Amino acid sequence: MMGLHKKDLNLLLIVMVLALFAPFILNPFPTDSALAQFNAGYPDLMQRFVIFGIFAVGFNILFGLTGYLSFGHAAFLGIGSYSCVWMFKLLSYNVVPGILLSVVMAGIFSVAIGFISLRRSGIYFSILTLAFAQMSFAIAYSVLSNPAFNLTNGETGLQVYASDPQWLQSASAPNAPHLFGLPMRATETLTVGGWDFQFNVGYYMCAIIMILAFYLSIRIFRSPFGLMLRAVKSNQQRMIYTGLNTKPYTLAAFIISGMYAGLAGGLLSAMDPLAGAERMQWTASGEVVLMTILGGAGTLIGPVLGAGFIKYFENIFSKINDNILHQWFSALPDGLEDFLITIVHPFIGKGWHLTLGLMFMMVVIFLPGGLVEGGQRIGAMFKRKPKDTNGGLSAPATPAE
Amino acid sequence: MGILEVKNVNKRFGGLQALGDVNLDIQENTVHAIIGPNGAGKSTLLNCLIGKLEPDTGSVTFDGQPVLGLKPHQINQLGISRVFQTPEIFSDLSVLENVLIPCFAKRDGSFRMNAIGTVGNETDVMSTAEKMLDDVNMLDKKDVLSGALSRGDKRRLEMAMCLVQEPKLLLLDEPTAGMARADTNNTIELLKEIKASRDITMVIIEHDMHVVFSLAQRITVLAQGRPLVEDTPEKIKGHPKVKEAYLGETAA
Ligand SMILES: Nc1ncnc2c1ncn2[C@@H]1O[C@H](COP(=O)(O)OP(=O)(O)OP(=O)(O)O)[C@@H](O)[C@H]1O
Ligand SMILES: [Mg+2]
């Protein structure tokens, strides 16, 4: 069905179910319970799950398949964000032109940046992409923000002002991002017992786009083009002496992943019409690398898991503060309570990156294949398959789910 | 005029003259062996033919067309495939995928953006690849990760990857090194069959004289980067210069 084999179709169905039922799945605790702070079923967090899922799925097409590690993909995320806000400023708050332009602009920039960066491979490629992204950041932050020519609005960030033309904005349309009149921030709340489930228009639009983006990535993985990208990663020498030109293959992968990043950036602006230069900074580029590796580079579902994992824990850990810790540990004797809080304090709130770093180290050391490998190991434990009869020869050769 | 003409090719590595005034004229549809002691420059010569190295001087003409200056993938697309001395395969991919890639390269050229099709549904390419694997007796291993193969199997796989492209000129750099005797004989048989079944020219570098004398119609002896003699296998066997430079060593 849909040109997919059974295993891939199952995977797509899993992602669809997870995405469409996320308001339930991510909201397991009643609103008034103490555990409610571990819920993740809020519109803005769910939006970030799927948007960064798109970013990581696209990044994986480059890094997971070809092995080229870009440290500059946040540049395309930022370009997408600015493009989308510009469409809001010039045309209207309808998100469609903005999202389309964000993909196109990111595509154009990735042709140029990819063409130059791909002249080198390995660490030199990574450094070139990093340099380009930092240049883009600097340009967006200051160069393109001056009274004479203000494309990015510098430090404040690009946003829509009442004085903007908005040529196509009709009086009846919502005065905030919308999809043909349906406001992105419209949220329906369903109360069942102690639970409040929130269904947000913006989230569902992003979720559907993410499912499509994921479907496209499955098709790419299984296509002859995808096979060539995996060949690039495996042995470029063999490729060129087999009559294949590796350059256009890697460039195409770079552009596709850049366009995914642009799409993600456009969606960020569609959810919240404010684009800042910090979206292009190297930390943002590093984050998508972490997501992909944490989830499982080169696997289909890994990047989605990685994005969800990082965004979830970012939200949880950065929300916890000392007051919450005091509540948790209040049953303990005072001395012990203070001691525990002192220990935990650096890892929460603004210190959340420390936790992320530790988690990343654990995964890379103990699960080099990422969360997907973890899942496979757990699956294997339950299956209790008879020992490998082929003496380990029949290692799986297709990218795992 | 032969299908491959090498004229006055010189190649230096620093102070080392790896190739000195090499002239070769390889006739279409023959098997031409190049033999010579270690370090004679045999692999270097092949490197100059496939665009891996640029000779310092000289010219290489394939099928009437100058080859020097072309990119390696362009040279391959002209119809030259090479089996390397140390196997060059896609070790992260399955055996079948390794053979599919050259099939796609032959059918679609050096680049084609086919991102929506599914590899498994490309029936023509699939059946060509599986037939090739069957010919080299590796069909039962088609789903094995190729990096996990034995050294002999890797060589056989690489040979299959080259043969499936149906090249006009096949360059084989010690194709049976590291193979068990039985596999060596299978390889000889396979190459004989291929040779009999279609138009193909082969240049084979080999230390195993059994392989050389089973296959070659002409032999060039290379020593210290220079062609010493070129003749038929019978003549080469008895040639005093050859005995001295090469066969003498192995016979001793
Ligand atoms: N890229 C290179 N850089 C420097 N020296 C090289 C290079 N390639 C080969 N050589 C040297 O050139 C000489 C010829 O090497 P080559 O590999 O062509 O020999 P060969 O005839 O293939 O030997 P063998 O039978 O051992 O494979 C050797 O002395 C080798 O060390
Ligand atoms: Mg050699």
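Computed from a predicted model, the values in this text were never measured in an experiment.

Concerning the sheet that holds strand β10 (residues 226-231) of chain B
Residue and element names in this part refer to chain B. Here we have six strands laid out as an open sheet, ordered β6-β7-β8-β3-β9-β10, and mixed in their pairing. Two strands bound the open sheet, and with one partner strand each, they are β6 (80-83) and β10. Pairs of neighbouring strands in the sheet enclose a mean axial angle of 15 degrees, with direction left out of account. Note that strand β3 (residues 31-35) and strand β9 (residues 218-223) share four bridges and pair parallel. The partner of H32 across the bridge, within β9, is R218. Sheet strands touched by helix α5 (residues 151-163): β6 and β7 (169-173). Its angle to β6, the strand with the most contacts, is close to 180 degrees. Each of β3, β7 and β8 (201-205) touches helix α6 (residues 181-197); the most contacted strand, β8, lies at about 160 degrees to it.

Observations concerning the domain arrangement of chain B
Quoted interface sizes are often the accessible area lost when the parts come together. Residue and element names in this part refer to chain B. As far as domains go, chain B holds domain 1 (1-67 + 169-252) and domain 2 (80-166). Put simply, the middle of domain 1 and the middle of domain 2, counted by C-alpha atoms, are 25 Å apart. At the boundary of domain 1 with domain 2, total buried surface from both sides reaches about 1,900 Å², with 62% on carbon and sulfur atoms. Put simply, domain 1 and domain 2 have one salt bridge between them. Two residues, R82 and D173, come together in a salt bridge whose shortest N-O distance is 3.1 Å.

A short note on the site of ligand 1
Residue and element names in this part refer to chain B. N38, K42, S43, T44 and Q85 are the nearest of the 13 residues found near ligand 1. Between an oxygen atom of ligand 1 and a side-chain N or O atom of N38, the distance comes to 2.8 Å. Computed on the free molecule, ligand 1 has an accessible area of 630 Å², of which 62% lies beneath the protein chains in the complex. If you tally residues by element for the shell around ligand 1, the top one is helix α1 (residues 42-49), at three residues. Split by residue class, the shell around ligand 1 holds four nonpolar, seven polar and two charged.

Reading the values: the criteria
Residues numbered from 1 in each chain as written. Chains lettered and ligands numbered in written order. Predicted model: local features only at pLDDT ≥ 70, side-chain atom pairs only at ≥ 80, totals over all residues. Heavy atoms only, no water. Pairing = 2+ DSSP bridges. Helix = DSSP H or I, 4+ residues; strand = E, 2+ residues; numbered from the N terminus. Axes fitted to C-alpha atoms, helices over the stretch in contact; angles between N-to-C directions. Contact = heavy atoms within 4.5 Å. Domains from an automatic or database assignment. Buried area = accessible area lost by both parts, 1.4 Å probe. Salt bridge = Lys/Arg side-chain N within 4 Å of Asp/Glu carboxyl O. Near = heavy atom within 4 Å. Polar contact = N/O pair within 3.5 Å; in protein donor to acceptor, adjacent residues only side chain to side chain. Areas by Shrake-Rupley, 256 points an atom, 1.4 Å probe, with all protein chains shown as cover. Nonpolar A, V, L, I, M, F, W, Y, C, P; charged D, E, K, R; others polar.

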